[in-house]
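An overview of the molecular structure
Next come the chains, spelled out residue by residue.
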Amino acid sequence: MTIIDDIESRLTHQGGEGRVIYRHRIATRITHWTWAIALFFLLLSGLQIFNAHPELYIGEQSGFEFDNSVLSMRAMQTADGKVDGYTTIFGQSYKTTGVFGMSGPEDNPSYRGFPAWATLPSYQDLSTGRVIHFFFAWFFVAAFLTWFVASLISGHLRRDILPSVADIKGLPKSLSDHLRFRFHHDGRYNVLQKLAYAGILLVIFPLIILTGITMSPGMNAAWPWLLDVFAGRQTARTIHFVCMALLVAFFLIHIFMVIAAGPLNEMRSIITGWYRTDPEKKEEHTA
C-alpha cells in the first residue's frame, strides 16, 4: 500500500446509506473538466476549419486529378435544377439537406459542410476558427501530460485504467449487467469502463494530438517522420476527423451512463472526489 492509498483508506468512512469513499484525486478531477471545456471548443472550431474544405482523403495529396476522397459534404445541383446538400462516403452519396452540405432557411440557404449552429464562430471564418482551435489545443495537451504523469506516480493508470486478466474474465458478466441496467457501486471502475477509458486516454488522445501535429507544416519541418507514420498529411487529417467522431460518440455514451448509474453520485465524485458505494455489500464492478 502506498502513502496515497493509506491516506485514502483513512478518508473512507461509514455512511448510513453505504460507505463514502474518496474516489477521484484532484489531478483526475481538474484534468477531467479541463478536457471537457477544451474539447467543446476544439470540436466546434475544428468543424469550422473542416468547412473550409469539407472533404477527406487518404494519401499524401488531394485535388481534382486524384481519386482518393473518402468523405465529402457539398451542395450539388440535381437534374431538375434544384440544389441539395449531399454527403458522400466512399463513393455513395446521401441527401443531407438541412444538416450537411446545405443548411439554413430555404430563402437564404448556406452552402457549407456543417451547419452554423455546429461551428465556432457560427459564420464562415477560417482564421478565427484556427486561432480558437490552436489556443485550446495547448490546454488539451497540457491536461493530457498532467494526467499521464500524475497517473503514473499515483498508480491510477495501472490500478484503474489498464484492465487486468481478472477484469477481462469478468467482461461477459459486466456486459450482461450493463445491458440489463444492473449497476454496482463499489468505487472501482468495471472492465467496460477500463476498456473505454484506456481506449480514449491511451489511443484516441495520443492519436488526435499526433495527427494534429502532422497537419502543421512547421512541425513537418521539425519532425518529418510523422508524415511517414501517418501516410501523409491528408491521411492524418482523416484520422484526426475519425478520432473526433469517436470522442463525440464516447461523450454521448458517457453522459447516458452517468444518468443511468445515478447522476448525483457520479457528478459529486468527479467534482468533490467523494463517492457513495452500495450499502453493506461489496461488489466486483461499478457502473
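Notes on the structure in this doc start here. Computed from a predicted model, the values in this text were never measured in an experiment.

Looking now at the overall build of the chain. The helix and strand inventory of the chain stands at 11 helices and seven strands. Scored against the burial criterion, the 287 residues of the chain give a buried share of 40%. When contacts within the chain are restricted to residue pairs at least 6 apart in sequence, those whose partners lie at least 24 apart make up 60%. A total accessible area of about 16,500 Å² is found for the chain, and carbon and sulfur atoms account for 67% of it.

The residue Lys 194 is located in helix α7 (residues 191–214) in this model. Excluding residues that lie within four positions of it along the chain, Lys 194 makes contacts with Arg 159, Asp 160, Ile 161, Leu 162, Pro 163, Asp 167 and Tyr 189.

With five of seven residues buried, strand β5 (residues 83–89) is to be regarded as a mostly interior element. Here strand β4 (residues 69–77) folds back onto β5, and the loop between the two strands holds five residues, one of which, Gly 81, carries a positive phi near 90°. Two strands pair when backbone bridges link them, and β5 and strand β6 (residues 92–95) are joined in this way by four bridges, in the antiparallel orientation. Looking across to β6, one finds that Thr 88 is bridged to Ser 93. Two successive antiparallel strands, β5 and β6, enclose a turn made up of two residues, where Phe 90 displays a positive phi of approximately 50°.

Strand order in the open sheet formed by four strands is β3-β4-β5-β6, and the pairing between neighbours is antiparallel. A strand with exactly one partner marks an edge of an open sheet, and here the two such strands are β3 (55–57) and β6. Strand-to-strand, the axes of this sheet are offset by a mean angle of 25°, without reference to chain direction. Pairing of β4 with β5, which is carried by seven bridges, proceeds in the antiparallel orientation. The partner of Met 76 across the bridge, within β5, is Asp 84. On the sheet, helix α10 (residues 233–261) packs against β3 and β4 and is oriented at approximately 120° with respect to β3.

Thresholds applied
Throughout, a residue's number is its position along its own chain's written sequence, starting from 1. Where totals are concerned, whole chains, interfaces and linings use all residues; where local detail is concerned, this predicted model gives features only for residues with pLDDT of at least 70, and gives and counts side-chain atom pairs only at 80 or more. With hydrogens and water excluded, all non-hydrogen atoms of the structure serve as input to the side-chain values. Where helices and strands are cited, they refer to DSSP runs of H or I of at least four residues and of E of at least two residues respectively, numbered from the N terminus. Summary of the burial criterion: residues with accessible area below 20% of their type's maximum are buried, those above 50% are exposed, and those between are partly exposed, where the area comes from a 1.4 Å probe applied to protein chains only. A contact between two residues is defined here by any heavy atoms of the two lying within 4.5 Å. For accessible areas, the Shrake-Rupley method is used with a probe of radius 1.4 Å. Any residue's cover is judged against the shown protein chains and nothing else. By definition, two strands form a pair when at least two bridges between them are found by DSSP. With axes taken as lines fitted to C-alpha atoms, and helix axes fitted only over the stretch in contact, angles between N-to-C directions fall between 0 and 180 degrees.

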